[in-house]
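Below are the chains, spelled out letter by letter.
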Amino acid sequence: MSYVLTEEQESIRRTAKALVGERAPVAHLRALRDEADKVGFSRELWKEMASLGLVGMAIPESYGGAGLGFAELGLVLYECGRTLAPTPFVATVLLGASALLSGGSPEQNRTMLPAVCAGDRIIALAHDERSRFLPYEITTRAEPDRSGFRLSGEKTFVIDGHVADDFIVVARSAGAPGDRAGLTLLVVPADAPGITVTRSHMVDSRNAARVRFAATPAREILGQPGAGADVLDAALDRATAGLCAEMLGGIEEVFERTIAYLKTRRQFGVPIGSFQALKHRAAYLFCEIELSKSIVLDALRAVDLSRPDLSAVVSVAKARASDTYLAVTNEAVQMHGGVGVTDELDIGLFLKRARVAEMTFGTASYHRNRYAELHGY
Amino acid sequence: MSHADSAGAARRDALSTFRTETRAWLIANCPPTMRTPMSDDDEVWGGRRAVFDHPDQKVWLERMARRGWTAPRWPTEYGGGGLSPEQALVLADEMRSLGCRRPLKSFGVWMLGPVLLEFASEEQKREHIPPIVHGEIRWCQGYSEPGAGSDLASLAARAVPDGDDYIVSGHKIWTSHADRSDWMFCLVRTDPSTPKHDGISFLLIDMAAPGITVRPIRLISGNSPFCETFFDEVRVPKKNLVGRPGAGWTIAKRLLQHERALISEMRDAFPDEETLEGVARRTLGPSVGPLADAALRDRIVQANMDFYCNKITLRRAAEAAEAGRGPGAESSMFKLYGTELNKRRRELMVELLGYQALGWEGDGFSAGELARTRAWLRSRANSIEGGTSEIQLNIIAKRVLGLPD
């Protein structure tokens, strides 16, 4: 059972698949990891994606993008997920551009988004402070001064923070940690005074950073001071939907590789895929994956239509994508047997990515809790 | 505007006109009493011994049948509605939004009709399809036998040729509503000498024929929706064989795909029932804020999320099937997932009701509570009837994933 794609969407998918397949197969991530690459992704590839219109896919044409939607962007992210292609999509497009589109003034967007679409500017969201995703647990202070604010505090898990040209900083201008009110989003260039960036090497061979702000001057506010959570929540919903599309690509890739292995690996004189113990587990996974496809597609559509149930649908998608990605990669390792736990086989790389993606923007438990809250129970 | 665009626009316009006309017709023709929620007791199954609890049920059935809208996708030449897949979705959509009841529940419409259209002779189609559309003949399914459950192809009921007839002898079980049906579509063995799948034929049998005995089976839920059916040298005309002798297994499997698609759809909702979280609010509290029992709350969320995902997957399958293809091996997925999910939700509902779900009859329990207890017990059969969950997993592994035998 396939998606029903328009001709234009089919062509976008083909373009992304061809580019990623040729330029960023799983071996590409492996090479960057083994060479301890300073950037962690290929800037040339990112520029090429930009020149093909993939980076600015869901950004309006007036800001240099292709003016399409998340249904289309999701196809690109899905293909990146299939090969674990390391790109700054999550940081600069899903988070950075989404925050700008949710809260930026036309002037701010005109200043920043064209360079994002061109692949020349990396924007990172400096948000998390705790050891898990707790969006309003913010202690970083935004203290007013004569020309704007001064930022002080420490951020963690800032995706692609080590190569960012700008940070969008989630800071508290009022209230206490945990309060949704009193947050202010500020844009600061990465070379502003008082910023210290320390790269974190993540288990999935991608990058995040710890970023310290010490009385860093900040003048560019996104949205209204104290009402930053409105911008943040909207950006996070869009980013989460996009991340789910990437996760779906990884899920399907791992599953296909595993089914192929079940057909070829022989033990006791027969293919191991003939054993009912494995068949039934594989068939169950198939069902979970089909449901995951439906909900991810639904979440992407919900973004494009600004549906009132967007947040709830995004929570269903992230909860299911997280559970399914973990289940599929765990089963894939087990079904591959001993070779499944070797570094040589790619399956382990997907297992690691699944874990990072699960924690990013909230685990399945986080989103089940949020879903219940959104429905008033 | 390109040619393709203008053709698309014309089709959208036509569909929008169809929607307007359909809505107007439904408003004018669906009696107000048929726009109220339906309980299991209000169901209309048609047939020679049709039961109409309310005269409007008959009016509504006849009006819909006259337009062929009891079988909207079937060709008009056999009495069907002749609608395109898109139009059929619009009709279903408008009926749902106006709260119109389904005018007819029918194994003929859901299961037999589609395979007759695909496999039957012209004469058989003309004889059997129109009475299905009009709800005049009620059909039941003669598949399982005491010795042929999951291994259905090992069935033993014999049909021996004798002149223009077959002489049928055997014992069928789990024949839904056989005691109230007029005809049975039945799997019989016409050739015991060939491998088991090859000797099976698909035979239509008039339940009024001499030699047929029907005995209802009482279930753990207390109801008897299923029967045992005994055939003692029953004479059936050879013209009632669909397809050629020995080709019954192919037809049987196709019919099962329709049945599975149906079972997964029928589990779509708990009509007119409180939501799980609503019951939890009432039985666990507190009156506002997060529910008192965090573990139960999480299970409710998971059930609700999975229900939503299952629903939109059915919708996605419908979108993918716009070309008009029948259900494929994916029907096994819907059968498996839909029934397992329904069992889970039924158990959760019972757990949320607590002691009030432990009643069997009499005072101290509301009708709704008793109904939910019975529904939980009935749901245990969901993952057995129409092919067990384990059989569905086998089918998915083989037909969808291509795993070796």
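Residues numbered from 1 in each chain as written. Chains lettered and ligands numbered in written order. Predicted model: local features only at pLDDT ≥ 70, side-chain atom pairs only at ≥ 80, totals over all residues.

## Here we look at the confidence of the model for chain B
Where the model shows low pLDDT, its predicted coordinates should not be examined in detail.
Here comes step 1: Predicted confidence across chain B gives a mean pLDDT of 91, with 93% of residues reaching 70 or more.
Here comes step 2: Here the complex is predicted with pTM 0.90, and the ipTM for its interfaces comes to 0.95. (pLDDT = per-residue confidence, 0-100.)

## Here we look at the environment of Gly-243 of chain B
Residue and element names in this part refer to chain B.
Here comes step 1: Counting through the fold element by element, Gly-243 comes out in the loop between strand S8 (241-242) and helix H6 (248-266).
Here comes step 2: Counting along the chain gives 48 residues from Gly-243 to Pro-195, while the straight-line C-alpha distance between them is 18 Å.
Here comes step 3: Among all residues touching Gly-243, those that are not within four sequence positions of it are Phe-119, Phe-202, Gly-248 and Ile-251. (Helix = DSSP H or I, 4+ residues; strand = E, 2+ residues; numbered from the N terminus. Contact = placed C-beta atoms within 7 Å.)

## Observations regarding the nonpolar core
Here comes step 1: Core analysis: the largest hydrophobic core is formed by 153 residues, its most contacted members being Val-169, Leu-186 and Ala-299 of chain A.
Here comes step 2: With 19 residues, helix H7 (residues 228-264) of chain A is the largest single contributor of residues to this core.
Here comes step 3: Residues within four places of Val-169 of chain A in sequence aside, it is in contact with Ala-126, Thr-140, Leu-151, Leu-186, Val-188, Phe-213 and Ala-218 of chain A.
Here comes step 4: In this structure, Val-133, Cys-140, Tyr-143 and Trp-174 of chain B belong to the second largest nonpolar core, which totals 65 residues. (Core = buried A, V, L, I, M, F, W, Y, C linked by C-beta atoms within 7 Å. Buried ≥ 20, exposed ≤ 12 C-beta atoms within 10 Å, placed from the backbone.)

## Overview of the interface of chain A and chain B
Here comes step 1: Every contact between the two is made by 29 residues of chain A and, on the other side, 32 residues of chain B.
Here comes step 2: Broken down by secondary-structure element, the contributors of at least two residues to the side of chain A that touches chain B are H7, helix H8 (276-304), helix H9 (310-336) and helix H11 (364-374) of chain A.
Here comes step 3: When residues of the side of chain A that touches chain B are assigned to their parent elements, the largest contribution, twelve residues, is made by H8 of chain A.
Here comes step 4: Within the side of chain A that touches chain B, the residues separate by chemical class into 17 nonpolar, six polar and six charged. (Nonpolar A, V, L, I, M, F, W, Y, C, P; charged D, E, K, R; others polar.)

## Quick word on the packing of helix H9 (residues 330-353) of chain B against helix H10 (residues 367-379) of chain B
All names here are of chain B.
Here comes step 1: The geometry of H9 relative to H10 is characterised by a closest axis approach of 9 Å and an angle of 145 degrees between their N-to-C directions. Taken as a pair, H9 and H10 cross one another with a handedness that is left-handed. On H10, the residues touching Asn-342, Lys-343, Arg-346, Glu-347, Met-349, Val-350 and Leu-353 of H9 are Glu-369, Arg-372, Thr-373, Ala-375, Trp-376 and Ser-379.
Here comes step 2: In terms of residue class, the contact of H9 with H10 is built from five nonpolar, three polar and five charged. (Axes fitted to C-alpha atoms, helices over the stretch in contact; angles between N-to-C directions. Left-handed = near helix turned anticlockwise from the far one by under 90°.)

## Topic: the packing of H9 of chain A against H11 of chain A
All names here are of chain A.
Here comes step 1: In contact at an axis separation of 8 Å, H9 and H11 are set at 155 degrees when each is read in the N-to-C sense. Classified by the interaxial angle, the pair formed by H9 and H11 is roughly antiparallel. Seen from above, H9 lies across H11 with left-handed handedness. Contacts between H9 and H11 pair Ser-311, Ala-312, Ser-315, Val-316, Lys-318, Ala-319, Ser-322 and Asp-323 from the former with Ala-364, His-367, Arg-368, Arg-370, Tyr-371 and Leu-374 from the latter.
Here comes step 2: Looking at side-chain class alone, the contact of H9 with H11 contains six nonpolar, four polar and four charged residues. (Parallel < 35°, antiparallel > 145°, perpendicular 65-115°, else oblique.)

## Section: unusual backbone geometry
Here comes step 1: In this structure, Pro-286 of chain B follows Gly-285 of chain B across a cis peptide bond, with omega equal to -10 degrees.
Here comes step 2: With respect to the helices, strands and loops of the structure, Pro-286 of chain B is situated in the loop between helix H7 (276-283) and helix H8 (294-320).
Here comes step 3: Of note in this structure, Ala-36 of chain A is not a glycine but carries a positive phi near 45 degrees.
Here comes step 4: Residue placement: Ala-36 of chain A occurs in the loop between helix H2 (26-34) and helix H3 (43-51).
Here comes step 5: Here the phi dihedral of Ala-215 of chain A falls at roughly 50 degrees; this positive angle occurs in a residue that is not glycine.
Here comes step 6: Take Ala-215 of chain A: it is sitting in strand S7 (residues 207-218).

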